[in-house]
Amino acid sequence: MKNSFSLDRRKFVKLGTLAATAALLPHAASAQTAPVHKLPALPYAFDALEPHIDARTMEIHHGKHHAAYINNLNIALATAPELAKQPLESLLASLPTVGDEALRATVRNNGGGHWNHDFFWKTLAPAEKSGKPSAELSAAINAAFGSMDAFKKSFGEAATKRFGSGWAWLIVKDGKLKITSTANQDNPAMKGLVPDADLGTPLLGLDVWEHAYYLHYQNRRPDYIAAWWNIVNWPAVSERFKA
Ligand code: MN
């Protein structure tokens with residue numbers, strides 16, 4: 001009797017474990033299609049970049065625009081479980097193979113928007129923490145553009161001339177620094193989607209959509225670009241260059 005009691009007890013414990021496992025399963029199964037992308041917290045306060053970018057612009061840009069890209073991305077991915085499983089970078093890399101044109105466009109715009117903004121926030125820092133490019137990055141900038149001032153001038157021109165909405169970028173391409181710009185929420189890592197000439201590894205990106213500056217600068221995009229240099233996170237950009 002003692003043995004049988006032990007057996008029953010073991011069975012009971014085992015059943016209890018199974019029940020607990022089963023209780024976890026619906027959660028585990030839905031994790032495949034549930035929203036997989038979340039809004040990352042800003043690495044500083046909304047007002048940390050003032051007076052160059054105002055707090056209200058940051059609050060709307062992060063909490064509304066960036067959040068909307070993520071929300072729209074998750075809605076689209078709910079219809080495509082095999083894409084929903086992928087981390088953002090491999091998802092964007094696999095876009096040229098996505099046959100459904102509408103899905104491809106939605107993921108390109110909103111997945112690109114998510115990636116670009118996450119990158120952008122990490123590219124910025126309060127003015128007192130902006131720092132300077134590393135010696136290696138400075139040397140590469142001088143080699144590619146002649147001087148830091150010449151680099152800023154060319155980058156500013158690329159950002160000013162980008163018609164409509166888009167981004168200006170500093171990239172590494174074949175071991176050299178290069179300035180490019182992309183339309184909408186495309187970026188230089190989008191192989192098969194953006195022209196080969198604009199492809200490379202992004203080091204620095206500037207959002208020139210009107211939502212990035214209009215509240216404070218209105219139509220004065222060049223003023224926004226000039227002020228933006230004060231809040232570039234040079235230590236982060238230098239780390240990317242090193243990597
Ligand atoms: Mn933006």
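So, here is what we can say about the structure in this document. (Residues numbered from 1 in each chain as written. Predicted model: local features only at pLDDT ≥ 70, side-chain atom pairs only at ≥ 80, totals over all residues. Heavy atoms only, no water.)

Looking only at helices and strands, the protein chain has ten helices and three strands in total. Counting from the amino terminus, the protein chain carries its helices and strands in the arrangement α-α-α-α-α-α-α-β-β-β-α-α-α. A burial count over the protein chain gives 42% of its 243 residues as buried. Pairs at least 24 residues apart make up 69% of the contacts formed inside the protein chain by residues separated by at least 6 positions. Of the accessible surface of the protein chain, which amounts to about 13,100 Å², a share of 58% is contributed by carbon and sulfur atoms. (Helix = DSSP H or I, 4+ residues; strand = E, 2+ residues; numbered from the N terminus. Buried < 20%, exposed > 50% of the residue type's maximum accessible area, 1.4 Å probe, protein only. Contact = heavy atoms within 4.5 Å. Areas by Shrake-Rupley, 256 points an atom, 1.4 Å probe, with all protein chains shown as cover.)

Strand order in the open sheet formed by three strands is S2-S1-S3, and the pairing between neighbours is antiparallel. Two strands lie at the open edges of the sheet, namely strand S2 (176-183) and strand S3 (201-207), each paired on one side alone. In this sheet, neighbouring strand axes are inclined to one another by 20 degrees on average, regardless of whether the strands run parallel or antiparallel. When strand S1 (residues 166-173) meets S2, the two strands line up antiparallel, connected through eight bridges. The partner of Trp-167 across the bridge, within S2, is Thr-182. In the packing of helix H6 (residues 135-145) onto the sheet, contacts are made with S1, S2 and S3, and the angle to S2 comes to roughly 75 degrees. (Pairing = 2+ DSSP bridges. Axes fitted to C-alpha atoms, helices over the stretch in contact; angles between N-to-C directions.)

On to the coordination of the manganese ion. Protein ligation of the manganese ion involves His-61 (NE2), His-117 (NE2), Asp-207 (OD) and His-211 (NE2), the donor distances falling in the range 2.0 to 2.1 Å. The sequence pattern describing where the donors of the manganese ion fall on their chain is H-x55-H-x89-D-x3-H. In this pair, His-61 sits in helix H2 (residues 55-77) while Asp-207 sits in strand S3, placing the two residues 146 residues apart along the sequence. With relative accessibility at 0%, the residue Asp-207 sits in the buried group. (Donors = N, O, S within 2.8 Å, 3.2 Å for Na, K, Ca; no water.)

Attention now goes to the pattern of salt bridges. Enumeration over the complete set of coordinates arrives at five salt bridges. Between Asp-186 and Arg-108 there is a salt bridge, and its shortest N-O distance comes to 2.8 Å. Here Asp-186 is found in the loop between S2 and S3, whereas its partner Arg-108 is found in helix H5 (residues 101-123), with 78 residues between them in sequence. Between Asp-223 and Arg-220 there is a salt bridge, with its nearest N and O atoms 3.1 Å apart. Relative accessible area serves as the criterion here: at 37%, Asp-223 is assigned to the partly exposed category. (Salt bridge = Lys/Arg side-chain N within 4 Å of Asp/Glu carboxyl O.)

Turning our eyes to something else, we now look at the packing of aromatic side chains. If you walk through the whole model with that rule in mind, you get 15 aromatic pairs. Plain terms: the ring middles of Phe-151 and Trp-229 are 5.6 Å apart, the flat faces sit at 70 degrees to each other, and that makes the pair edge-to-face. Of this pair, Phe-151 sits in helix H7 (residues 148-161) while Trp-229 sits in the loop between helix H9 (221-228) and helix H10 (234-242), and the two are 78 residues apart along the sequence. Taken individually, Phe-151 and Trp-229 each receive the classification buried, so the pair is uniform in this respect. Ring centres of Tyr-213 and Tyr-224 lie 4.9 Å apart, and the angle between their planes is 25 degrees; on these two criteria the pair is classed as stacked. (Phe/Tyr/Trp six-rings, centres within 6.5 Å; stacked < 30°, edge-to-face > 60°.)

Right, let's get into H7. With 14 residues, H7 extends 20 Å from end C-alpha to end C-alpha; this agrees with the ideal 20 Å at 1.5 Å per step. Among the residues of H7, those classed as buried are Phe-151, Phe-155, Gly-156, Ala-158 and Ala-159. Projected down its long axis, H7 carries its buried residues within an arc of 160 degrees, all on one side. Facing away from the buried side of H7 by more than 90 degrees, the exposed set consists of Asp-149, Lys-153 and Lys-161. (Expected span 1.5 Å × (residues − 1). Arc of directions from axis to C-beta.)

Right, let's get into the nonpolar core. Judged by nonpolar contacts, the single largest core of 59 residues is most densely connected at Phe-155, Leu-204, Leu-206, Tyr-224 and Trp-228. Ranked by residue count, the leading element in this core is H5, at six residues. Shared between two domains, this core takes at least three residues from each, and those domains are domain 1 (55-122) and domain 2 (127-242). Once you skip the residues sitting within four places of it in the chain, Tyr-224 turns out to touch Ile-53, Phe-120, Leu-206, Asp-207, Val-208, Ala-212, Tyr-213 and Tyr-217. (Core = buried A, V, L, I, M, F, W, Y, C linked by side-chain atoms within 4.5 Å. Domains from an automatic or database assignment.)

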